[in-house]
Every structure is written in structure tokens, then in C-alpha cells.
Amino acid sequence: MIDGCTNESVPRLAGMPDITLSTLVLLCLAALVAGWIDAVVGGGGLLLLPALLIGLPNAAYPYVAGTNKAVAIVGTTGAAITYVRRTRVPVWTAVRVGLAALAGSTAGALFTTAVDEEVLRPLIIVVLVAVAAFVILKPSFGARAEEDRAPLTRARIVTAIVLVGGGIGFYDGLFGPGTGTFLVLALTAVLHLDLVTASATAKIVNVCTNAGALVTFALSGTVYWQLAALMAAFNLTGGMVGARMALSKGSGFVRGVLLVVVFSMVAKLGWDQWS
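What you see is a predicted model; the values in this text were computed from it and never measured.

Let us now look at helix α2 (residues 45-55). Each α-helix turn comprises 3.6 residues. Residues three or four places apart therefore point the same way. The complete set of buried residues in α2 reads L48, A51, L52 and G55. One face of α2 carries all of its buried residues, which in axial projection span an arc of 95°. The inward-facing, buried residues of α2 contact α1 (21-41), α3 (61-86) and α9 (225-249).

To continue, consider the environment of V91. Its place among the elements puts V91 in helix α4 (residues 91-110). When its relative accessible area of 35% is taken as the criterion, V91 is described as partly exposed. The spatial distance from the C-alpha of V91 to the C-alpha of A200 is 9.3 Å, given a sequence separation of 109 residues. Sequence-distant contacts of V91, defined by excluding residues within four places in its chain, comprise V84 and I204.

Along the chain, the position of N206 falls in helix α8 (residues 195-220). Exposure remark for N206: the relative accessible area of 8% places this residue in the buried category. Setting aside anything within four residues of it in sequence, one finds N206 in contact with D38, T76, G180 and L183.

Moving on: the packing of aromatic side chains. Taken as a whole, this structure holds 3 aromatic pairs when the rule is applied. Residues Y171 and F182 carry aromatic rings whose centres are separated by 5.6 Å and whose planes lie at 80° to one another, so their mutual orientation is edge-to-face. With Y171 in helix α6 (residues 154-174) and F182 in helix α7 (residues 179-191), the pair connects residues that are 11 residues apart, well separated along the chain.

Another aspect to go through is the confidence of the model for the chain. Across the chain, pLDDT averages 82, with 87% of residues at or above 70. Looking across the chain, the model is least confident in helix α5 (residues 117-137), with a mean pLDDT of 77, and most confident in α9, with 94. Residue range residues 1-6 is modelled with pLDDT below 50. Its contacts to residues more than four positions away, or to other chains, number 12 contacts.

Here the focus is a nonpolar patch on the surface. Where nonpolar side chains cluster on the molecular surface, the patch consists of V25, L26 and L29 and spans about 280 Å² of accessible area. Relative to the helices and strands, V25 is located in helix α1.

Criteria and thresholds
- Residues numbered from 1 in each chain as written.
- Predicted model: local features only at pLDDT ≥ 70, side-chain atom pairs only at ≥ 80, totals over all residues.
- Heavy atoms only, no water.
- Buried < 20%, exposed > 50% of the residue type's maximum accessible area, 1.4 Å probe, protein only.
- Helix = DSSP H or I, 4+ residues; strand = E, 2+ residues; numbered from the N terminus.
- Arc of directions from axis to C-beta.
- Contact = heavy atoms within 4.5 Å.
- Phe/Tyr/Trp six-rings, centres within 6.5 Å; stacked < 30°, edge-to-face > 60°.
- pLDDT = per-residue confidence, 0-100.
- Patch = residues over 30% accessible without salt bridge, like charges linked within 9 Å, V, L, I, M, F, W, Y side chains within 5 Å.
- Areas by Shrake-Rupley, 256 points an atom, 1.4 Å probe, with all protein chains shown as cover.
- Salt bridge = Lys/Arg side-chain N within 4 Å of Asp/Glu carboxyl O.

The structure is reproduced here in C-alpha cells:
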């Protein structure tokens, strides 16, 4: 039983950190909203990971990161299944891009100690501002798929595997923030998908990369499994609702959420850099 008083700690169970009930509720709400954001346009980790860092201040970072992956993979998988069942998604292409991203993220992680995060962060801010300007100035971007006029070619698929999978995967392992959003934008540009289909494809890629990271954390024993299971239920709900909303409301809705997420990333990275 969990004590009904919000100032009491949740009983220490195997795989459950020492947290209050009020903190647990807030973490579950963060998982719900993060699942929704991630399903629509990516970037849910910008909410989920900081929430875990704040909610588990005494936990070692590997436990926070491992629990984050255990939660996120459930919502991402639910969103991916929802998209695949309800719309046309290039599943095999997405899996190949995902495997390339998995390899890229592994390689990127090997270079983390050689890169100064304080130098990299301003460059990402500039890229995000440029992305926002492009999306605003070109409202037709991702409005509809171009597959009927220009079917997927081998060259475009190879480009997606190498540049989108390998390149963004490397960035994910090296630094990470905004990976899901970058995937949506890159898949839209390279494969000429509409934003909804690109978001669906990105979810499959995310499942591949999250699975690789989760296996690593699981083998090292750095996952709070019971906390992750509880938060994952909320993340799954948010992910499935977000996917259905994106499908029903279309690319215009995804575009609006995309801009909100991009500007939120700029604000967060700017705060981290100059605060």
C-alpha cells in the first residue's frame, strides 16, 4: 500500500527509489505529457528527463537515464503501433534507418568525452532557430506527401539510412536533445513524407535506438524498474492519444506542435548555456 499523505515516502520496494507520493504523481503526469509530445513530433525527452532529474535528485545519473529509456520505449512503441495500424508507413525503411541510428548513437557515445558540451550547445541553438525560420517561411513543408509524384527511390532510402540514421544517431549518442524532432524534419526532407508520416516513421526509428540504450542500462543494472513500469503506463497513454490526434488533425496540427517544441528546445538550451 502507498500512504495517502503526499508528504510520506513511497515504500522502498525493489526497483523503486525513495520518493514522496506527490513526486510520484508529478512524474507520472510528466510521463503522460511527454508521451503525447513525443508521439506528435518528438522531443518528449525534453520534459521527461528533466522531470526525472528533479524528482530523483539523489539518484546517480545512469539510473535516471536508464529509467527514462525504460519509460520512453513503451510510449514510443505504442505510438508506433498506432501509426502503423492507421496510416501508410514505410516500415522496412524505418527499421533500416533505425538500425543505422542505433549504430550511429553507439559511435557517438564513444566520442562524448572528446566534445565540449558548452561549445556544441550554441551550435544546436543556431540550427534550431534556422529550422524554425524555415518551417515558418515555408508553410508547405511537410503539408502533404510527395510519394505519389516521386516514389521512394533507392538513392533516397540510402541517403536516409546514412545521413538521417547514422548522422542523427551519432548526434543522439553524442549530445541528444531534440533527436526525435530532428528525425521528423530530416525524414520529411529526405524521403519527401508529410509531417504525420514522418512522425510515424520517426517513432519506429526511436524504438530501435531506445531498445539499444535500454539493453545497455538493463545489463548494467541501472533502471528503477517499478517506477519505470508505473510511469510507462502513463507514457503509453499519452503516446497513443498523441498519435491518434496527429492522424486525425493532420500535418497542420503537427507543424504547430513542432514549432512549439523547437522554440521550447531553444529556450531550454539557451537557459542551460547562459544561466
